[in-house]
Structure formats: structure tokens, C-alpha cells
Amino acid sequence: MAAITPLPLVLIVTGPPASGMTTLARRLAPMLGLPLLCKDTVKEVLFETLGWSDRVWSQRLGGASMELLYTFVETHLAVGASCAVEANFAAQYATPAFRRLAERYAYLPIQVNCSADPAVLVERFRLRALSGERHPGHHDVYTKPERTIVGRMKPLDIGGHVIDFDATCFQVDHDALAARVRALWQQPARRSEE
């Protein structure tokens, strides 16, 4: 009897800004042997290529970055390849995008939904903005995070599995998290949310 090959995996690492999703995705994706597609990486390439100016331009390039992410995910799925993708996916926009992909390609979505206490996220956002480590095109220093940051984003309604990750203290057993994703990936017939 032939072995059952699991569906291609789309590992979706998401959450509100400053919830540690980029750090987590950069650690988790290589452990799972997955190429990682990050919104801010794409956006910063666009800043460097097209220039950066005001917040409106940053938001415009943010929208373009999201569309490019979906295109990159599709190029992987078109050849039956798995990937990891990281961004603060808003359910009202991302759910239809991932559902459209599911209409064309069979894949298993596993979401790692990062969250944290809102006060912790606001403080992390402020420290990150002042650190000078992020591209100035993001305009983080001009953002009032207490007006926009929520502690948890709604998971995408796309089937598959959702792993909730509380990053308030950001103590992570990366090996255990990777093992959990692998176990879910190897059981593609179980496509209900946890």
C-alpha cells in the first residue's frame, strides 16, 4: 500500500503588530524546512525600489505587499510546494484571499495566531519604533499604537487548524511548536479547527 502524501502546507503566522510573529516565523519556518514569505520584507524591498514618503504611501505599499504575498503563496501551491507566510492578516481581507487559493489548489492551512496583552504590545511597539531597527518607511514613530493595537486578531475562517500562541512573555518551546505543526500536517484528513 502506497504511503499517503500530506497536502502542501501553508503555515500562516499572524497576529497584531509587535506580537513577535516575525521572530517566531523566522525560527519556525527553517525548523519545518519551509521557505518563509514575510510582508515586511516585501514592503521594505518596495520602499528601497520605489521610495518612501508619507504614511499614505506606506499603507499603499502595505496593500501591494499583501497582494504579492498571496501571489507568492500561489506560485508555491501551483507546484505542490509548501511554504510559511507571515503578516498581520486581517480576517475580512485574508479569509477571501486564502479561500480563493483553496478553490484552485488543495492545501492544508495551519495558523499560528499570536496574541499578547494589549499593554505589552503597545510598549513593544513603542520600543521597536524607537530602536531604529525597522525601515523608516513604516512610519512607526508617528503611529499611536494605543489607538489601533488589539491583543488578539480573529483567526481566518479557512479550515485547517489554528494554534493559539500567547506571546505576552514570549517564552517559546520552538521544538514543541514545530512538532505540533508536523503532527497536524501529517494528518491532513483532520481538517477541523482545534
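What counts, and where the lines are drawn
In this convention, every chain numbers its residues from 1, walking through the sequence in written order. At least 70 in pLDDT is required for a residue's local features to be given in this predicted model, at least 80 for side-chain atom pairs to be given and counted, and no such filter applies to totals for whole chains, interfaces and linings, which use all residues. Side-chain metrics rest on all non-hydrogen atoms present in the structure, leaving aside hydrogens and water. Numbered from the N terminus, helices here are DSSP runs of H or I no shorter than four residues, and strands are runs of E no shorter than two. Burial classes follow relative accessibility: with a 1.4 Å probe on protein chains only, a residue under 20% of its type's maximum area counts as buried, one over 50% as exposed, and anything between as partly exposed. By nonpolar core we mean a set of buried residues, namely Ala, Val, Leu, Ile, Met, Phe, Trp, Tyr and Cys, connected to one another through side-chain atoms within 4.5 Å. Note on definitions: a residue-residue contact is assigned when non-hydrogen atoms from the two residues lie within 4.5 Å. Note on geometry: axes are C-alpha line fits, over the in-contact stretch for helices, and angles between N-to-C directions span 0 to 180 degrees. Comment on the angle field: the value is read as roughly parallel under 35 degrees, roughly antiparallel over 145, roughly perpendicular from 65 to 115, and oblique elsewhere. Crossing handedness follows the turn of the near helix against the far one: under a right angle anticlockwise gives a left-handed crossing, and clockwise gives a right-handed one. Residues are grouped as follows: nonpolar covers Ala, Val, Leu, Ile, Met, Phe, Trp, Tyr, Cys and Pro; charged covers Asp, Glu, Lys and Arg; every other residue, Gly included, is treated as polar. By convention in these notes, a salt bridge is any Lys or Arg side-chain nitrogen within 4 Å of a carboxyl oxygen on Asp or Glu. Take the number of residues in a helix, subtract one, and multiply by 1.5 Å to get its expected span. Throughout, the arc means the angular range of directions from the helix axis out to the C-beta atoms. Note on pairing: two strands pair once DSSP finds at least 2 bridges between them.

Colleague: Describe unusual backbone geometry, naming the residues involved and giving the relevant values.
Modeller: A positive phi angle, close to 70°, is found at A18, a residue other than glycine. Within the fold, A18 resides in the loop between β1 (9-14) and α1 (21-31). Judged by its relative accessible area of 11%, A18 is buried.

Colleague: Quick rundown of the nonpolar core? Include the residues and the values.
Modeller: Ranked by size, the top nonpolar core spans 25 residues in total, and within it V10, L69, V73, V85, F89 and F98 carry the most contacts. Counting residues per element, this core draws most heavily on helix α3 (residues 55-78), which supplies six residues. Leave out the neighbours within four places in its chain, and F89 touches I12, V13, T14, M66, L69, Y70, A94, F98, M153 and L156. One finds L32, I110, V112 and I163 within the second-largest nonpolar core, a separate group that totals 23 residues.

Colleague: Pulling in residues and values, what's your account of the packing of helix α2 (residues 39-50) against α3?
Modeller: Direction vectors running N to C along α2 and α3 enclose 125°, while the axes themselves pass 8 Å from each other. Looking at the two axes, α2 sits oblique to α3. Here the hand of the crossing between α2 and α3 comes out right-handed. Here K39, V42, K43, L46, F47 and L50 of α2 come into contact with α3, specifically with W57, S58, L61, G62, A64, S65, M66, L68, L69 and F72. The class makeup of the residues in the contact of α2 with α3 is 11 nonpolar, three polar and two charged.

Colleague: Describe the pattern of salt bridges, naming the residues involved and giving the relevant values.
Modeller: Following the criterion strictly, the structure yields two salt bridges and no others. For R104, the salt bridge identified is with E74, shortest N-O distance 2.4 Å. Here R104, found in helix α4 (residues 91-104), pairs with E74, found in helix α3; they are 30 residues apart in sequence, far enough to count as distant. Overall, R104 belongs to the exposed group, its relative accessible area being 59%. Residue class for E74 comes out partly exposed when judged on its relative accessible area of 22%.

Colleague: Describe helix α7 (residues 174-185), and please don't skip the residues or the numbers.
Modeller: With 12 residues, α7 extends 16 Å from end C-alpha to end C-alpha; this agrees with the ideal 16 Å at 1.5 Å per step. Inspection of α7 places H174, L177, A178, V181, L184 and W185 among the buried residues, and these make up the whole buried set. For α7, the buried positions fall inside an angular range of 125° around the axis, keeping them on one side. In this fold, the buried residues of α7 make contact with β1, α1, β4 (108-115) and β5 (161-166).

Colleague: I'd love a proper account of the sheet that holds β5, names of residues and values included.
Modeller: Sheet architecture is open: five strands sit in the order β2-β3-β1-β4-β5, paired in parallel fashion. Each edge of the open sheet is held by one strand with a lone partner, namely β2 (36-38) and β5. The average angle at which neighbouring strand axes cross in this sheet is 20°, direction not considered. Taken together, the three bridges between β2 and strand β3 (residues 83-86) define a ladder with parallel strand orientation. In the sheet register, C38 faces β3, and the bridge partner there is E86. Strand contacts of α2: β2 and β3, with the helix running at about 60° to β2, the strand carrying the most contacts.

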